[in-house]
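Below are the chains, spelled out letter by letter.
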Amino acid sequence: MKNLALAKLQSFALANTLPHAWLFTGAIDSVKLDVATEFSKWLLCTNKQQLACGVCKSCHLFAAQTHPDFCEITKQADKSSILIDDVRVLPDFTVGRPQFGSHKIVLLHPAEAMQKQAANSILKNLEEPAGNTVFILLAKHTQLLLKTIVSRCQVLNFNMPSAAAAVQSPDIAKMTTDLTALWVYKSVTVVQIVDQWIKQWPNEVLYWFELVLADLIRFKYTREDTASTVAIAALDNVLAAKRLWKILARLQQARYWYGTNHNPNLQLVLEDLLLTV
């Protein structure tokens, strides 16, 4: 997931469509922080390629934790919360142009530790963003934050299933083959696929589908071999990255609905996912 997340963030930046605020969610704090740090270093690098160069002045300043365009806000060592005093640096930091490159970055973690005044201050910054400042907030769950903060951020979920789980399951290969028949060869219909999947995996179909999407996205960015490389490669030729991320976002929302006992119609959910363009 780490490489996929970094690749997604870089693709937004390279296309000049980078949102001004991101919310990284997921149970493992170290993974979210690693991606946020690597992406920040890369974005600020003045000689960036696939990775930050590590030798330019910007990279040296970042490594020394003295970069003037990077602001990290977290709990003080003797405090259990992020206080309003911790975020008072933002007005001075966000004003003016970056000293290096085209962006300034504010990294705040853990976002769920913000006291009410601090959260409201961050919300104001998100509502009235400086054109060149990118906010990256890290939190375990969106439910622990103000809904207004979440609504102003692009959410990146770090709870994607692992590649190892996908490789070990024959169900992944079967579902990948089914998707090839649907999206590449067009030899079956969406209704036929959904009927078959619900009969075969009545309680796990969304889980397996998420693993297949993880494989597809991973292959698109890394070209790593999988248990179904031939079928994955065929699907890769007809599925744009933007479409894959869109399907994945809808699928994760559907799994959240089931997890909170909303119980949507599984047939309709799957048909909607497979018809997403």
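A few points on the structure. (Residues numbered from 1 in each chain as written. Predicted model: local features only at pLDDT ≥ 70, side-chain atom pairs only at ≥ 80, totals over all residues. Heavy atoms only, no water.)

Tracing the backbone through its elements, the reader meets Glu-271 in helix α13 (residues 266–275). Among buried charged residues, Glu-271 stands out as having no salt bridge; its nearest opposite-charge side chain is Arg-250, 12 Å away. Other than its neighbours up to four places away in sequence, Glu-271 contacts Val-190, Val-191 and Val-194. (Helix = DSSP H or I, 4+ residues; strand = E, 2+ residues; numbered from the N terminus. Buried < 20%, exposed > 50% of the residue type's maximum accessible area, 1.4 Å probe, protein only. Lys, Arg positive; Asp, Glu negative; His and termini not counted. Salt bridge = Lys/Arg side-chain N within 4 Å of Asp/Glu carboxyl O. Contact = heavy atoms within 4.5 Å.)

Let us now look at the pattern of salt bridges. Any two side chains of opposite charge can pair if their charged atoms end up close together. Applying the stated criterion across every chain yields a total of seven salt bridges. Ionic pairing is found between Asp-29 and Lys-32, a salt bridge with its closest N-O pair at 3.0 Å. Linking Asp-29 with Lys-32, this pair stays in helix α2 (residues 29–44), spanning three residues, or about one helical turn. Of the residues examined, Asp-29 reaches a relative accessible area of 38% and is grouped as partly exposed.

Below, the discussion takes up the packing of aromatic side chains. Inspection of the entire model under this criterion finds seven aromatic pairs. Taken together, the ring pairs connect Trp-197, Trp-201 and Phe-209 into an aromatic cluster. Above the ring of Trp-42, the side-chain terminus of Lys-48 is found at 5.4 Å from the ring centroid. Lying across the ring of Phe-93, Lys-104 places its NZ or CZ 5.5 Å from the centre. (Phe/Tyr/Trp six-rings, centres within 6.5 Å; stacked < 30°, edge-to-face > 60°. Lys NZ or Arg CZ within 6 Å of the ring centre and 35° of its normal.)

Position of Cys-71 relative to the elements: it lies in strand β2 (residues 70–73). The sequence separation of Cys-71 and Lys-57 amounts to 14 residues, and the corresponding C-alpha distance is 17 Å. Those residues in contact with Cys-71 that sit more than four places away from it in its chain are Val-89, Leu-90, Phe-93, Ile-105, Val-106 and Leu-107.

Taken in spatial order, the five strands make up an open sheet running β2-β3-β4-β1-β5, and their pairing is parallel. Of all strands in the sheet, those with a lone pairing partner are β2 and β5 (154–157), marking the two edges. In this sheet, adjacent strand axes meet at a mean angle of 15 degrees when their direction is disregarded. The pairing of strand β1 (residues 21–25) with β5 spans four bridges and is classified as parallel. Counted as the bridge partner of Thr-25 is Asn-157 from β5. In the packing of α2 onto the sheet, the strands contacted are β1, β2, β3 (104–108) and β4 (133–139), and the crossing angle to β4 comes to about 170 degrees. (Pairing = 2+ DSSP bridges. Axes fitted to C-alpha atoms, helices over the stretch in contact; angles between N-to-C directions.)

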